[in-house]
Amino acid sequence: MNEDWIRFLQFCVNEDVVQPDSVEDIDWESLLLFMRKQSMAGVLMFGVSKLKNVKIPRPILMKMFLFSEKVRKRNELLFRKSADVAAKCQNDGFTCCILKGQGNAMMYSDPYVRTSGDIDVWVKGARAKLIEYARNRYPKATVRYDEITYKEDKVNIELHPYPCIMNNPFYNRRLQYFFSCNIEKQCNHYVELPDNLGRIPIPTAEFNVIFQLAHIMRHFFDEGIGLRQLLDYFYVLRLFKKDIGDDDQGLLAVQSTLRNLGMYKFAGAVMFVMKEIFRLEDEFLIAPVDERRGRTLLTEILRGGNFGHYSGLRAHSTGGKFFAKVWRNLHFAREYPAEALCEPIFRTWHFFWRLKHTYSS
């Protein structure tokens, strides 16, 4: 990712960043390919729409437009579907909220430019009850330890008894306690969706600043994480700072929680990406910048693309992927021993857990 691309991305996501002179030198076709790999084509077109006196070859501009329109239409579908899924869960007696996804989209300057994925629903209740509920209505639902997945109207819907898990059982126990203490507030925090598409319960910025960092960290040790998730977190940090203002106690409480969960060092790596790629000001940072760990994280982001789709891990067989992941995570053991060394242990345990719950009903 060259400097011209970085400056243009900063222009896309920061309202106070002026149009960079270097846009004249951008290879737009290569930039479009990169942004597609990072699932950020809508953000690219949003930035292009702000440009003045810059000529982009018409064929490339049309590609950008078509991709961004797909993103826009998909967002409209997921806004409607998120409201429908939340209402359905609540009508069936479950307390719930929508994680990430369309809630994150509401933080963007244009809520239709974020590339949407699945609908993640955090549902209060025992996992066994949630599995039974899903299988009674969707017999083909896929069961994992932290999610039950089914498809409806060409949309993947994931029901989560826990918003996120960690590989290390000690820190995971603490993380689940944090979630259990905060679920009621998150499920009663509603936002109105754009264009009268409904309303959904979403987490507060105070909760997201912990949860979404845990989500990024989790995927970093799985198959990889992309810039789209880091951009989401960029907006989370800005909203969090807006909510707490100059209250140092709010920031200190977050830092204390991060230390308690073993995430403080990883937070420093993410802060490096926030400054290096998105030009986030120091007042929004929640931990000291860790350049060494940050460069490792950024290298993985740029190499693997969105959720590591381009890292090469997915090309392996199931067994080959296991050992490829072990080898990959061994490279991170020095920087994050608790998560890196526990990852293959958790994955082995989860393999047998899934076998039991796939064939026990």
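Values in this document were obtained by computation on a predicted structure and should not be read as measured data.

Participant: Kindly report on the overall build of the protein, identifying the contributing residues and their values.
Facilitator: When helices and strands are counted, the protein shows 14 helices and seven strands. Overall size of the protein, expressed as C-alpha extent along the three principal axes, is 60 × 50 × 50 Å. The buried share of the protein, reckoned over its 361 residues, is 56%. Sequence separation of 24 or more characterises 70% of the internal contacts of the protein that already satisfy a separation of 6 or more. With an accessible surface of roughly 17,000 Å², the protein has 52% of that area assigned to carbon and sulfur atoms.

Participant: Got a sec to walk through the nonpolar core? Specific residues and values, please.
Facilitator: Membership of the largest hydrophobic core comes to 86 residues, with the highest contact counts inside it found for Phe8, Leu9, Trp28, Tyr233, Met274 and Phe278. The element best represented in this core is helix H11 (residues 264-278), accounting for 11 residues. Counting 35 residues, the second largest nonpolar core, distinct from the first, contains Ala134, Ile148, Leu159 and Ile200.

Participant: Tell me about helix H1 (residues 3-13), residues and numbers included.
Facilitator: With nine of 11 residues buried, H1 is to be regarded as a mostly interior element. Of all the residues in H1, the buried ones are Asp4, Trp5, Ile6, Phe8, Leu9, Gln10, Phe11, Cys12 and Val13. Those residues of H1 that are buried are in contact with helix H2 (28-37), helix H3 (41-50), helix H9 (227-244) and H11. Its side-chain oxygen placed 3.1 Å from the backbone nitrogen of aspartate 4, asparagine 2 serves as the N-cap of H1.

Participant: How would you explain the sheet that holds strand E1 (residues 96-99) if you had to name every residue and give the values?
Facilitator: Taken together, five strands build an open sheet; the order of strands is E1-E2-E5-E4-E3 and the sheet is mixed. Because the sheet does not close on itself, it has two edges, and the strands there are E1 and strand E3 (142-144). Between one strand axis and the next, the sheet turns by 25° as a mean value, whatever way the strands run.

Participant: Could you give an account of the environment of asparagine 168, naming the residues involved and the relevant values?
Facilitator: Relative to the helices and strands, asparagine 168 is located in the loop between strand E5 (155-160) and helix H7 (169-187). You can call asparagine 168 buried: its relative accessible area is 11%. Along the primary structure asparagine 168 and tyrosine 133 are separated by 35 residues, whereas in three dimensions their C-alpha atoms are 29 Å apart. If near-sequence neighbours (up to four positions away) are discounted, asparagine 168 is found in contact with Ala338, Glu339 and Cys342. A polar contact is formed between the side chain of asparagine 168 and the backbone nitrogen of phenylalanine 170, at a distance of 2.9 Å.

Participant: Could you give an account of the packing of aromatic side chains, with specific residues and numbers?
Facilitator: Counting across every chain of the model gives 28 aromatic pairs. Seen in terms of ring centroids, phenylalanine 234 and phenylalanine 278 are 5.5 Å apart; in terms of plane orientation they differ by 40°. Their pairing is tilted. In this pair, phenylalanine 234 sits in helix H9 while phenylalanine 278 sits in helix H11, placing the two residues 44 residues apart along the sequence. A residue is classified by how much of its surface remains accessible, and phenylalanine 234, at 0% relative accessible area, is buried. A relative accessible area of 0% means that phenylalanine 278 is categorised as buried. Grouping aromatic residues by their ring pairs yields a cluster made of Trp122, Phe178, Phe179, Phe207 and Phe211. The positively charged end of lysine 50 is found above the aromatic ring belonging to phenylalanine 11, 4.3 Å away from the centroid. Arginine 293 extends its terminal NZ or CZ atom over the ring of tyrosine 336, reaching a point 5.8 Å from the ring centre.

Procedures and definitions
- The numbering scheme is per chain: residues are counted from 1 as the chain's sequence reads.
- For a predicted model such as this one, the threshold for reporting local features is a pLDDT of at least 70, and the threshold for listing and counting side-chain atom pairs is 80 or more; totals across whole chains, interfaces and linings nevertheless cover every residue.
- In computing side-chain properties, one takes all heavy atoms of the structure into account and sets aside hydrogens as well as water.
- Only DSSP runs of H or I with at least four residues qualify as helices, and only runs of E with at least two residues qualify as strands; both kinds are numbered from the N terminus onward.
- We call a residue buried when its accessible area falls under 20% of the maximum for its residue type, exposed when it is over 50%, and partly exposed in between, using a 1.4 Å probe and counting protein chains only.
- For this analysis, residues touch if any pair of their heavy atoms sits within 4.5 Å.
- We get accessible surface area from the Shrake-Rupley algorithm with a probe of 1.4 Å; when it comes to residues, only the shown protein chains can shield them.
- By convention a nonpolar core is built from buried Ala, Val, Leu, Ile, Met, Phe, Trp, Tyr and Cys residues, the set being connected through side-chain atoms within 4.5 Å.
- In the analysis that follows, any N or O atom pair within 3.5 Å is treated as a polar contact, provided that within protein one partner can donate a hydrogen and the other can accept it, and provided that, for residues neighboring in sequence, both atoms belong to side chains.
- Two strands are counted as paired when DSSP detects at least two bridges linking them.
- A fitted line through C-alpha atoms serves as each axis, taken over the contacting stretch for helices, and the angle formed by two N-to-C directions is quoted from 0 to 180°.
- Only centres within 6.5 Å qualify two rings of Phe, Tyr or Trp (six-membered ring in Trp) as a pair; their planes then separate them into stacked at under 30 degrees, edge-to-face at over 60, and tilted for everything else.
- Look at NZ for Lys and CZ for Arg. If either is within 6 Å of the ring centre and within 35 degrees of the ring normal, a charge sits over the ring.

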